[in-house]
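Structural description and commentary
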Amino acid sequence: MTDLRTTLSEAVATAFAEAGVEGARALVSPSDRPDLADFQSNGALAAAKAMKANPRELATKVAERLAGDARFQSVEVAGPGFINLRLSDTALAERAQAVADDVERAGAEPVGEPRKVVIDYAGPNVAKPMHVGHLRSSIIGESLKRLFRFRGDIVWGDAHFGDWGFQMGLLIVAVGDEGRADAFMAEGEGPFPAQSPVSLDDLERLYPQAAAKAKEDPAYRDRARKATAELQAGRPGYRALWSHFVAVSRTALEREFGALGVTFDLWNGESDADPVMAQMLAELAAKGLLVEDDGARVVHVARPGETRKKKLPDGSTVEAPSPPPLLVVSSEGSAMYGTTDLATILDRKQAIGPDLILYVVDERQAEHFEQVFRAAYLAGYAPAGSLEHLGFGTMNGPDGKPFKTRAGGVLKLHDLISMTVAKARERLREAHLGEGVPAEEFEAIAHTVAVAALKFADLSNSRTTSYVFDLDRFTGFEGKTGPYLLYQAVRIKSLLRKAEGQGAAPGAIRIAEPAERDLALTLDAFAGAVADAYDRRSPHLIAEHAYRLAQSFSKFYAACPVLAAEDEAVRGSRLALAATVLRQLETALELLGIDTPARM
């Protein structure tokens, strides 16, 4: 199913070709002046400049060739050579009906050639509670996973659990020093206790203490590094203790992710790449990529004599030094953060063979991923261009700095969700919504509203920009918010239930009123929004469309009586439009990871 922008571009390209102009210049876009036209083509200006011709004369020739097309109500040349296109009511009705009939995709198209895609997001860590810093990665990654799957790709969402680095050595030493895990500290094959010697609270307490002590005490730091190396080398007691750390942490993480509606196909950790580590090190050495460097082993990823351009926050660029070598094995013999990332690429190549791997990780990790990706390309573990770091900005407080608690600490994600649910309850009661429903259902509605508020607030912003967290604004039922979109969806559901109760049913779509035209054009734009969001890895384009659709329906609902329409065909058409809007709005929200309640 092709959207209007595509089909009209093809028609205009043909007209340009007949006028002796390369058709590629004929792209059509939505009009900058909806009061004058639905679409416009500015190709005549560029084409005329290249041909040293008069752009208005060229545009007039093209317009004359388009004038006989029954899809157009009018074709006019404006200004120095703009071609304004207004569609006929019949053409708009046909497109709206096609969207209505497309139950599966609501007017969007699948990709031509599906790919195998791995999306690496969230990045939770053992022993560390999830905090607001994990929110954006989780929300953006989940949305991209849904978007790529919706377009037909075969997608694996991977949490990429942080469970294999220096923090594990810190925890082993800390737990051992407290005398909690004597059985695990012993040499030998075991057996070891099946019950965990620590709780999540213990891990959350011990890790920051151990990390702080390691900074102050070199001997303590060396013990932790040694424990890390022994864990990675396979010491049985340490492996058994480590497995308890992982299990206890994962239980809490699944609770937080479940509350956000975030799911994973793979719960692989950094440790899952350990079985291919020896193979990788041997291959890197055999290819001459792994070299000694002051007791450590590294891969040099910079190209001789290269210069790089680094983009600054204001959009300008400056020359930057080449990326430093990737540290693969420390002087203590431990695998590093980049090592496990590189080994994970090899592991994914062998287990899945992905065409594309997307890493949804904080923008501040850009250089790290450039090092890893370059090493992977040098080693032949991934085709050039198949690894992408999708960086994102931060969620900030009113001071413009990363969001903190009032005491200045990092806010736990569980506390943020609870805080937002409480505000959602308050907002529902203020708006007299959810009155008369059972208490359990009201709580479910409040949770749905809260998640919609958090996710839409995040995803309505460009992935690459930061935004200010404003709980009062995000949870409002007016303005550009998730709760507003839920309210519009619930209102349409109520309308359709009422219509069914009166025996009224959707019929064939017809377009006559200006608000109906606007709604049909907005429904058509979903295909372009989905394609652009996919190509640019930018869910905010879906969020923008959902908001425009809700606004367009609101105007339609105010201007065009639905159940009160006297003509049965008009009533059926408007019910069909309402049902189509609901399906497309819910599809868009689902791509953002947002559920809609049946009622409020």
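All of the points below concern the structure found in this document. The structure displayed is predicted, hence computed values, not measured ones.

Overview of the overall build of the chain
- Scanning the chain for helices and strands turns up 20 helices and 15 strands.
- For the chain, the residues scored as buried account for 53% of the 600 residues in total.
- A separation threshold of at least 6 residues defines the contact pool for the chain, and within that pool the share at least 24 residues apart is 75%.
- If you sum the accessible surface of the chain, you get close to 26,500 Å²; carbon and sulfur atoms cover 51% of it.

Considering the nonpolar core
- In terms of nonpolar packing, the biggest core is built from 161 residues, with Leu85, Leu171, Phe245, Leu416, Leu428 and Met600 touching the most fellow members.
- Looking at this core element by element, the count peaks at eleven residues for helix α15 (residues 439-459).
- Non-local contacts of phenylalanine 245, meaning those with residues more than four positions away in its chain, are made with Val126, Met168, Leu171, Ile172, Val175, Val198 and Leu203.
- With 33 residues, the next largest nonpolar core counts Val276, Met280, Val328 and Ala335 among its residues.

Some words on the pattern of salt bridges
- Under the defined criterion, the tally for this structure stands at 36 salt bridges.
- Here aspartate 177 ties to arginine 223 by a salt bridge, and the two come within 2.8 Å at their closest N and O atoms. Taken together, the residues span a long stretch of sequence, with aspartate 177 in helix α6 (residues 166-177) and arginine 223 in helix α9 (residues 218-233) at a distance of 46 residues.
- In this structure aspartate 177 comes out as partly exposed when scored by relative accessible area, which is 44%.
- Among the residues examined, arginine 223 registers a relative accessible area of 41% and is labelled partly exposed.
- The salt bridge involving glutamate 178 is made with arginine 205; its shortest N-O contact spans 2.9 Å. Here the residue glutamate 178 occupies a position in the loop between α6 and α7 (182-185), and arginine 205 occupies one in helix α8 (residues 200-216), the gap between them amounting to 27 residues.

Focus on the environment of leucine 416
- Here leucine 416 is to be found in helix α14 (residues 413-430).
- Among the residues examined, leucine 416 registers a relative accessible area of 0% and is labelled buried.
- In contact with leucine 416, not counting residues within four places along its chain, are Val132, Leu135, Met395, Leu411, Leu454 and Phe469.

Things to note about the packing of aromatic side chains
- Considering all chains together, one arrives at 16 aromatic pairs under this definition.
- A ring pair is formed by phenylalanine 553 and phenylalanine 556, whose centres lie 5.7 Å apart and whose planes are at 50°; its orientation type is tilted. With phenylalanine 553 and phenylalanine 556 both in helix α19 (residues 540-559) and three residues apart, the pair spans about one turn of that helix. The two residues phenylalanine 553 and phenylalanine 556 agree in class, both being buried.
- Clustering of aromatic rings is evident, with ring pairs tying together Tyr121, Phe161, Phe257, Phe264 and Trp267.
- Directly above the ring of phenylalanine 150 sits arginine 105, whose terminal nitrogen or CZ lies 5.4 Å from the centroid.
- A cation over a ring is seen here: arginine 235 above tyrosine 238, with NZ or CZ 4.1 Å from the ring centre.

Some remarks on the side chain of aspartate 158
- With respect to the helices, strands and loops of the structure, aspartate 158 is situated in strand β6 (residues 154-158).
- A polar contact of 2.9 Å, which involves the side chain of aspartate 158, links it to the side chain of arginine 348.
- When sequence neighbours within four positions are dropped, the list of residues in contact with aspartate 158 reads Val118, Ile119, Asp120, Tyr121, Phe264, Leu266, Trp267, Asn268 and Arg348.

Reading the values: rules and limits
- Residues numbered from 1 in each chain as written.
- Predicted model: local features only at pLDDT ≥ 70, side-chain atom pairs only at ≥ 80, totals over all residues.
- Heavy atoms only, no water.
- Helix = DSSP H or I, 4+ residues; strand = E, 2+ residues; numbered from the N terminus.
- Buried < 20%, exposed > 50% of the residue type's maximum accessible area, 1.4 Å probe, protein only.
- Contact = heavy atoms within 4.5 Å.
- Areas by Shrake-Rupley, 256 points an atom, 1.4 Å probe, with all protein chains shown as cover.
- Core = buried A, V, L, I, M, F, W, Y, C linked by side-chain atoms within 4.5 Å.
- Salt bridge = Lys/Arg side-chain N within 4 Å of Asp/Glu carboxyl O.
- Phe/Tyr/Trp six-rings, centres within 6.5 Å; stacked < 30°, edge-to-face > 60°.
- Lys NZ or Arg CZ within 6 Å of the ring centre and 35° of its normal.
- Polar contact = N/O pair within 3.5 Å; in protein donor to acceptor, adjacent residues only side chain to side chain.

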